[in-house]
Amino acid sequence: MLNLSGISKSFIGVQALSGINLDVRAGEIHALVGENGAGKSTTIKIVAGVYKPDAGQMEFEGKPVQWARPADAKNAGIHVIYQEFVLFPHLTVAENIYLGHERRNRFGFVDHARTRQDASDLLRKLGVDIDPQILVSELTVADQQMVEISKALVHKVKLLILDEPTAVISGREADLLFARLAALKAEGVAILYVSHRLEEIFQIADRVTVFKDGAHVATKDIGDVTRDRLISMMVGRDLKDIFPPKKPKGEPGKVVLKAENVSVEGRVRNAGIEVRAGEITALAGLVGAGRTELAMGIFGGLPMSSGSVWIDGEKVDAITPATAISKGVGFVTEDRKGQGLAMFLDVAANISAANLSAVTRNGLIDRRLENEIARKEIDNYRVVCRGPATSVATMSGGNQQKVIVARWARTSRKVLILDEPTRGVDVGAKTEIYRIMRGLAGEGIAILMISSELPEVVGMSDRVVVMREGAISGELTGANISEEAIMSLATQHPTGKVPTAEVLAQ
Amino acid sequence: MTALAPIRLSSRLRANQGVLVVAALLVILLIFGAFISDRFRTTSNILNIFEQSTGLALVSLGQTLAILTGGIDLSVGSMISLLSTLTSGLIAGKVSMVLPVAIGILLLGLLIGICNGLLIIWLRVHPLIVTLGMSAVLQGIVLLYSLGPAGSVPPSFNFLAYGKVLGLPIGAVFILVLFLLVALFLRYARLGRYIYAVGDDEVGARLMGLPRARVMLTVYGFSGFCCGLAAIYLTSRFSVGQPYTGLNYTLASITPVVVGGTLLSGGKGGVFGTLLGVYLISLLNNVLNFMDVSTHYQLIAQGLIVIAAVSIYVEKKKRV
Amino acid sequence: MVDVSQARATEGPAISMKSRLSPYALPMFLIALIAVSGIVSPAFLSTSNISNMLLQVAPLGIVVIGQAFVIILRGLDLSVSSVMATAAVIATGFSGQNSDVLSILLIALGIGIATGLVNGWLVTKRSVSPFLATLATMIVLQGFRFAYTQGAPSGNVPPLFRLIGSATWHGVPYNMMLLVVLAIVFGVVLAKSRFGREVYITGGNPTTARLLGINADRVTIIGYVISGALAAIAGLVLSGYVGIVDNWVGRGFELDSIVAAVMGGISLSGGQGGILGGLFGAAILVVVFNAVLLFGLPVQLQIIIKGLVIVLAAAFYVRRRI
């Protein structure tokens, strides 16, 4: 059905794909796996006509094709369910589902009653209970995902692409989705399924393709690979070589950051957490469980509706990022470009950004001092760049991340919060960031890491706090830390129902 | 309204809160006006308000659609100046020229609007800038054509502005019909729905393969067409067009749209809110006139209304 | 890993843009423009014409400096022309003697700063789009001005303003000296000071700024205040240039200042550009306008050129990703 050969694509300064191959057949579920930054999303966007490849050939239904715009791919029968939903918040559920395929009466006008009725039927067929008349913005994230999925069922698709569809939904909804996919497969639809969750890949896929650092590693029948083999193909080395050794057993560190009873409107309910000096504490849970919001609330980046925060034993009232920073707390955000970097400034300015007073003399920035500091940190963290005046926008994700860590490590000598620290970072840089994090913990800094990657949580943390639906559902330490234990805390049902075979995000 | 909005009642009430406020304000002003002056209550005064609001309503109608897509049309003022100057200039007092010129003016408005749309699509520049630039270009052109009032129209031409059907001003009736048609278009035509979708999430609309280009051309073309209508109406009203006729309409056309609850960020709102906004502003000016408030202060009042409206309707600020 | 010699060579300013033109592009363009104009019309390079152009650059340049702060902060300020006109009206509102210069200056600055505060408050605390916020304050201020002058201002500009606005010292206009001083002061503030760095970070991304502990709202409000204050000064300078003040002094400056800034590489999407670029933009604009007149072309062409320039410059600098 779909055949990509030798596709390459680069963005300013970064080679995202180098000559990848991929073929997806009619009537199969083809899994595409790889770490963050392996080039999966870029591949999807090329197939969908969002990006144009720099080189290589794309064939669809046996004919070479070139999409000028997403509409071309769509008209050819390709439907993509993106990880970031394409939903229109001010339109109703029904309108969203039929957008572009409006139900019309015989005069050609949009038939709202029929749209509503059909949407309702479709959602019921899918097995979810969503009112088609409400605005999409009023739905939970999981329900939004189900609406996104139902959009794919509206019209005849030949190739269905799903990018991490289960990242925000629970086991029951995932089962509904898998049943639907099986039915589509039986109808001869080709399905390209991108996911981090290896369990479900073994459950539903026929073949699997592995990408690593923008290159094709292997394509195998699912029966020919094991879980461990898949992981080592994705990562390119054994897991134990990636993570630095943990803190040796012994006295737990002093509590440096303590939060109690924290609530953030709509996202976090009465959560408390302690982070200890010299330790890496992980905050785990499903996407949407409220981890980022809890950490942001503590940092002062989101308004807390209740709660108290102690930093180094001292109670901090009405916390703002500015006070948190002055108390020695730093926050490496998940969204590097949107919340972390000053994209138009250079490396030196980005490193000094959290503590401008350190480079300010008489109200003026001491550029020479700033450069000197930057040069030191560039060496220190092995940042690959042309020097302090390199524009951060031209650097790779891994090096950008190192710049941000360097920035905070200078000012935040007490607590460093890192939200998905290795997202969009290649394996080499990943290992280095792990080493840096462990090194900072060794210097006595309390580290709080938010992560959706279970191997990372298990491999890095001395202590794991798990969140579910906005509340803390448990804590694990030492030898108790395992993927299964975290999973069970992240998904078990609060009402006491039997926990289903739910899986953790990614 | 029920027939027009199948959204569940609770969401709908929340969505239309602002429009209800405007409607309430309208009623309060009416009552207030009735108290302060006997003349206010006369039918002729009420009809007068309708009559005065026609030009503004026409421009704001086009503006509403542009704003619904998340854009804006800042060229409306200059466009009206140009088109109304051309109207009287080309008719030059000849009855025989009225019809061909009127058709030509409407087409020209449409064409200029489509130019705006094409530039927005091709240059990938924000509509604010494109239409701002277009505004300057058109102002220059109209001044090249004439530095003052140009030509004249036959006396019968002001029938459009002052004529009545069944005792109602032609303009006001025309407005009601036109607004209704556009409302139906927005609600029941696919393209109408896409206008909302593009305004809601332009990138998403592209990913969904929606015809963004067609939406832009329609919206800005229609805005240009509305300017043509307004220009003809205003020429009829003032008996002559001059290069500054439209000067104040750029801001003035945005005010009722915002007051009527259409989000400047696009994707939400509608033309009925705009119509209410138009009437509210005309009524306010009328009441202020009766209170002998000078036009200077009316200007202040209008600015304050814009500020109040945009700060009320602004969506909850996200703090991260 | 890091080549030291290379690192040493890059001790430049902190702003580095991927899409920035060569720093020589603007001056080169200006020089080319002047050369071509001089060839087409020798009168262009006459002392009196050059001195005349310099006189015209100053008021625009002063406004552009303020506009630069606001645009780098992801905004724009349409109220500048209204502030200018109001300041000019104030300048004639007294006896017309030099003794009133200080009161005039204080009142004008007060109005500029107050307008800036209102603009900044609306933009930051009320989330009003800068375009609408400043348009509204522009209108409101205009209303107050009309009410104050009752339609037609009368009275004279104090001689000191006349001197600064229109006289020259050995061919160099006094207002040009004022512009240079202001440009240096605010140029240093923007490019070298801590506040300037905060402006760039906030303009690049307000969320990032907030999470870095920067009071993004305060920085933005100060930006609008600077713009308002400089517009007031520009209004006084312009009143000295034109001599006779009406309600519309400074009309068109809101657009001209934005056009100049955008042409000078100050991106409307924020976080990029500098004052020097903006001033080059202003100079180019003045030269173009002057050439239009000198070539005997209809004056209306100025407006048309302005419109084309704003669209083309934007197409060049601020293409959207859509």
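Model, not experiment: these values are computed from the prediction. (Residues numbered from 1 in each chain as written. Chains lettered and ligands numbered in written order. Predicted model: local features only at pLDDT ≥ 70, side-chain atom pairs only at ≥ 80, totals over all residues. Heavy atoms only, no water.)

Q: I would appreciate a short explanation of the overall build of chain A in the present structure.
A: In terms of helices and strands, chain A carries 17 helices and 22 strands. In terms of overall dimensions, chain A is globule-like: its C-alpha atoms have a radius of gyration of 24 Å, near the 23 Å expected for 506 residues. Every one of the 506 residues in chain A was classed for burial, and the buried ones make up 60%. Within chain A, residue pairs in contact and separated by at least 24 positions form 66% of the contacts whose partners lie at least 6 positions apart. Looking at chain A as shown, the accessible area adds up to about 19,300 Å², and 49% of this sits on carbon and sulfur atoms. Positive and negative side-chain charges in chain A, numbering 61 and 62 respectively, have mean positions lying 3 Å apart. (Helix = DSSP H or I, 4+ residues; strand = E, 2+ residues; numbered from the N terminus. Rg over C-alpha atoms; globule rule 2.2 N^0.38 Å. Buried < 20%, exposed > 50% of the residue type's maximum accessible area, 1.4 Å probe, protein only. Contact = heavy atoms within 4.5 Å. Areas by Shrake-Rupley, 256 points an atom, 1.4 Å probe, with all protein chains shown as cover. Lys, Arg positive; Asp, Glu negative; His and termini not counted. Charge placed at Lys NZ, Arg CZ, Asp CG, Glu CD.)

Q: It is not clear to me how the domain arrangement of chain A should be interpreted in this structure. Could you clarify?
A: Assigned domains within chain A: domain 1 (2–240), domain 2 (253–328 + 413–506) and domain 3 (341–411). The gap between the C-alpha centroids of domain 1 of chain A and domain 3 of chain A is 38 Å. (Domains from an automatic or database assignment.)

Q: Explanation requested: the interface of chain A and chain C in the structure shown.
A: A common way to report how large an interface is uses the accessible area buried once the components associate. In this complex, chain A contributes 47 residues to the contact, which on the side of chain C involves 32 residues. Each partner contributes to the roughly 3,000 Å² buried at the junction of chain A and chain C, and carbon and sulfur atoms together form 62% of this total. In terms of surface lost to chain C, no three residues of chain A exceed Phe344, Leu345 and Arg375 of chain A, which account for 23% of the buried area on that side. Here chain A is connected to chain C by one salt bridge. With its nearest N and O atoms 2.5 Å apart, the salt bridge here joins Glu370 of chain A to Arg197 of chain C. Where chain A meets chain C, there are four residue pairs in polar contact (both at pLDDT 80 or more). (Buried area = accessible area lost by both parts, 1.4 Å probe. Salt bridge = Lys/Arg side-chain N within 4 Å of Asp/Glu carboxyl O. Polar contact = N/O pair within 3.5 Å; in protein donor to acceptor, adjacent residues only side chain to side chain.)

Q: How should I be thinking about the sheet that holds strand E15 (residues 314–316) of chain A in this particular structure?
A: Residue and element names in this part refer to chain A. Taken together, four strands build an open sheet; the order of strands is E12-E11-E14-E15 and the sheet is antiparallel. The open sheet has two edge strands with one neighbour each: strand E12 (268–276) and E15. Taking each pair of neighbouring strands and ignoring which way they run, the sheet shows an average axis angle of 20°. Relative to strand E14 (residues 306–311), strand E11 (residues 255–264) is paired through five bridges, and the arrangement is antiparallel. Bridge pairing in E14 links Glu260 to Ser308. Together, E11, E12 and E14 form the strand contacts of helix H9 (residues 291–299), whose direction differs from that of E11 by roughly 110°. (Pairing = 2+ DSSP bridges. Axes fitted to C-alpha atoms, helices over the stretch in contact; angles between N-to-C directions.)

Q: Help me understand the interface of chain B and chain C in this model?
A: Contact residues are listed per partner, giving 44 residues for chain B and 41 residues for chain C. Summing the contributions of chain B and of chain C, the shared interface buries around 4,000 Å²; its carbon and sulfur component is 74%. Connecting chain B to chain C are zero salt bridges. Of all elements in the fold, only helix H4 (98–123), helix H5 (127–145), helix H9 (202–207), helix H11 (249–259) and helix H13 (295–313) of chain B reach the threshold of two or more residues within the side of chain B that touches chain C. The element best represented in the side of chain B that touches chain C is H5 of chain B, accounting for 13 residues. In the side of chain B that touches chain C, the residues fall into 32 nonpolar, seven polar and five charged. (Nonpolar A, V, L, I, M, F, W, Y, C, P; charged D, E, K, R; others polar.)

Q: Quick question: what am I supposed to make of the sheet that holds strand E20 (residues 446–450) of chain A here?
A: Adjacent strands of a sheet form backbone hydrogen bonds with each other and so pair up, either parallel or antiparallel. All names here are of chain A. Sheet architecture is open: six strands sit in the order E16-E19-E20-E13-E21-E22, paired in mixed fashion. With partners counted over all chains shown, the strands left at the sheet margins are strand E16 (329–332) and strand E22 (471–477), one partner each. Each strand axis lies, on average, 20° off the axis of its neighbour in the sheet, ignoring direction. Pairing analysis gives five bridges linking strand E13 (residues 280–285) to strand E21 (residues 463–468), with the strands arranged parallel. Along E21, the bridge assignment pairs Leu283 with Val465.

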